[in-house]
Amino acid sequence: MQFLNTEDHARRAPQLHVCVIDAGDTLVGQVATALALAPDGPEHVNPADETALHGALERATLIIVGDGEGGHDGLATLRRLRAHPDHARTPVVFVAAPDDGRIDQCFQAGADDYVGRPIRAPELRARLRSLLERQHMLSELRDAATLDPLTGLPNRAWLSQQLEAAIGRALNGEHTNFALLFLDFDRFKYVNDSLGHGVGDRLLQAIAQRLRTNLRASDTVSRPHGGTVLSRLGGDEFVVMLDGVTDIGSIERIADRMVSMLAQPYDLGDHRITSTASIGVVPWCAGYGDADAMLRDADTAMYAAKARGKGCYVLFDPAMREAARERLALENDLHTAVAQDLISLAWQPIYSLEDGQLVGAEALARWTHPERGPISPNVFFPIAEETRLVGPLSARLLEQACHRFAAWAGQRGAPRYCAFNLSRAQLGDPDLDANVARLLQRHGLAPSQLQLEMTESMIMADPEVAISQLQRLRRRGVRLAMDDFGSGHSSLASLHRFPFDVIKIDRSFVAALDGDRREFVALVHAVIELAWNLGMECVAEGIDDEQQVATLLAMECGYGQGFLLGAPQAGDRPPPARWRRRGCPPDGYSPAADTSALTRSRS
């Protein structure tokens, strides 16, 4: 029923449905007048009509129970209402002849208020409207406690209640066909860092709306159970509790559809954002006893999806629990290592392939765990990015690199520049160019003595933001390099858009130069030719044998780095001033393990 008047209570509660349960019809007109309802007024139900009563109660947001008219026992009806879980919280006003014993009994049975007969219109109006105001305030408090204010979705507290109820029904054998899907947007931190929290908030709202539209989630805040539950836990984490899924295949089809749906672009004003979501899936058939355990395992499966390359879903496997415990232990140890400055640098030389002269040295992060031994940057830098340690860690490592390189400057045979790979956090920092300028001044270095490198995946995540950042750095005079070219998203045709000084050919292409795959030779040659035409230097990464050097020289690739030319070395001394050939690498060496300080977090 709709209010006809424009009073405040009417505007704040536009969907009032009044159900009058009474054997007579006098009360109906009095209620309609008191609340200024539309001409059809409240829904009048004779308590003897069970079918009509059930339908009316399903719609009711306010129930008025008349007592004594036509022999109707209002107290018995009231007790039945309060015993039913669907109507236990619906406000009820009891109307009866003023009898002290009857009044006490109606409140004991669960009535929210009482109106005596004969009914006086001012009293009825005041009591009903006062009750509605109280109910509205209680509803707002419940919403504040159970709804996420940004997206309007149920929050963690409400999800936990729904999940506990579903698990309880499953344990009682009533209902077992439900599953939990834990979603995490793969690029949300980058969006916040580079475009600001306002854009991040709009993105979260767009994600929530897309999930609502595609999943047709039920209004779980107003319905006590059943349906698909969609909630936001916080940040960019969303959880879907699927109801009515009968087999694993059905769950996987829904998860696969969600992955595709969330990968579509989001148009947010001046920004078009494209990314993916990682989803962890847990069906109840795993036999859970509480909501926290099920949420924990869904979260674990989500991280497994990220580890598999992101933009996919993973079904939970119990073996993941041990892996999660190991990762948590490593995360805690990494916090300690960063706090105690235990992450150090090693230096890999970059040589001229023509005359063997040292031209540059790349700073590589190294962490030797006191119990586990050396930990690959491929392992600890993704953890640093996910835990927000990468900001202070990358800033500290860049400071160390400039400090060490400044100590070498001026020495005979010292490298001409220091190469350092930026982290995503640094590339998204609008103050990066100013911070770099202060750092160079503090250590007495010329801008051309610092080469900042970034991967294709970092740049292509938001090319316009990256171009703006690169242009500011270029104006400062810093050397710029695209690292791992060929392993990401960009193409030869897009290189002219970026103000790079150096292109570094990915080691996977260099490794393929040994075989008979002519397409790789042609591709590397095309990159080298384009670099020359654009006025860029070209560095081949991962050089491991003499045949690769010969092929690269034949294609006029000017520079290279790799184990054959020089392995990364820690310490205070600069790399050798010339490349001297020293044979094959030792057994067990993996060139892929020598990754740069801050670039090994794949999108």
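Anything mentioned here points back to the structure above.
Structure report, in brief. (Residues numbered from 1 in each chain as written. Predicted model: local features only at pLDDT ≥ 70, side-chain atom pairs only at ≥ 80, totals over all residues. Heavy atoms only, no water.)

Concerning the overall build of the protein chain
For the protein chain, the helix and strand inventory stands at 21 helices and 22 strands. Looking at the protein chain as a whole, 50% of its 603 residues qualify as buried. By sequence separation, contacts in the protein chain at least 24 residues apart represent 68% of the contacts at least 6 residues apart. When the accessible area of the protein chain is evaluated, it comes to approximately 27,000 Å², of which 51% is carbon and sulfur surface. (Helix = DSSP H or I, 4+ residues; strand = E, 2+ residues; numbered from the N terminus. Buried < 20%, exposed > 50% of the residue type's maximum accessible area, 1.4 Å probe, protein only. Contact = heavy atoms within 4.5 Å. Areas by Shrake-Rupley, 256 points an atom, 1.4 Å probe, with all protein chains shown as cover.)

Section: the nonpolar core
If you look at the biggest cluster of nonpolar residues, it comprises 77 residues, and the most contacted ones within it are L334, I343, L452, M454, F500, I543 and L552. At 8 residues, the largest contribution of residues to this core is made by helix α14 (residues 390-408). L552 has contacts with L353, V510, L513, V524, A540, I543 and C557, leaving out every residue within four places of it along the chain. Core analysis: the next-biggest nonpolar cluster, separate from the first, contains 33 residues, A208, A255, L262 and I279 among them. (Core = buried A, V, L, I, M, F, W, Y, C linked by side-chain atoms within 4.5 Å.)

Some points on the packing of aromatic side chains
Applying the stated rule across the entire model yields 6 aromatic pairs. Measuring from ring centre to ring centre gives 6.4 Å for F405 and W408, while their planes differ by 65 degrees; the resulting arrangement is edge-to-face. Within this pair, F405 and its partner W408 are both found in helix α14, separated by 3 residues, close to a single helical turn. W408 shares its class with F405; the two are buried. A connected cluster of aromatic rings, assembled from ring pairs, spans W347, F405 and W408. (Phe/Tyr/Trp six-rings, centres within 6.5 Å; stacked < 30°, edge-to-face > 60°.)

Comments concerning unusual backbone geometry
The phi torsion of most residues other than glycine is negative, and most of the peptide bonds are trans. In this chain, R117 is followed by P118 through a cis amide linkage whose omega measures -5 degrees. Backbone geometry places D484, a non-glycine residue, at a positive phi of 55 degrees. As for its placement among the helices and strands, D484 is situated in strand β18 (residues 479-485). Not every positive phi belongs to a glycine, and E556 is a case in point at roughly 65 degrees. Structurally, E556 can be placed in the loop between α21 (546-554) and β21 (559-560). Among the residues examined, E556 registers a relative accessible area of 51% and is labelled exposed.

Considering the environment of G560
Here G560 is to be found in strand β21. A relative accessible area of 0% means that G560 is categorised as buried. In this structure the C-alpha to C-alpha distance between G560 and G542, which are 18 residues apart in sequence, comes to 8.0 Å. In this structure G560 touches P349, I350, Y351, L353, V539, A540, I543 and L565, once residues within four positions along its chain are discounted.

Any functional reading would require information beyond the geometric quantities listed.
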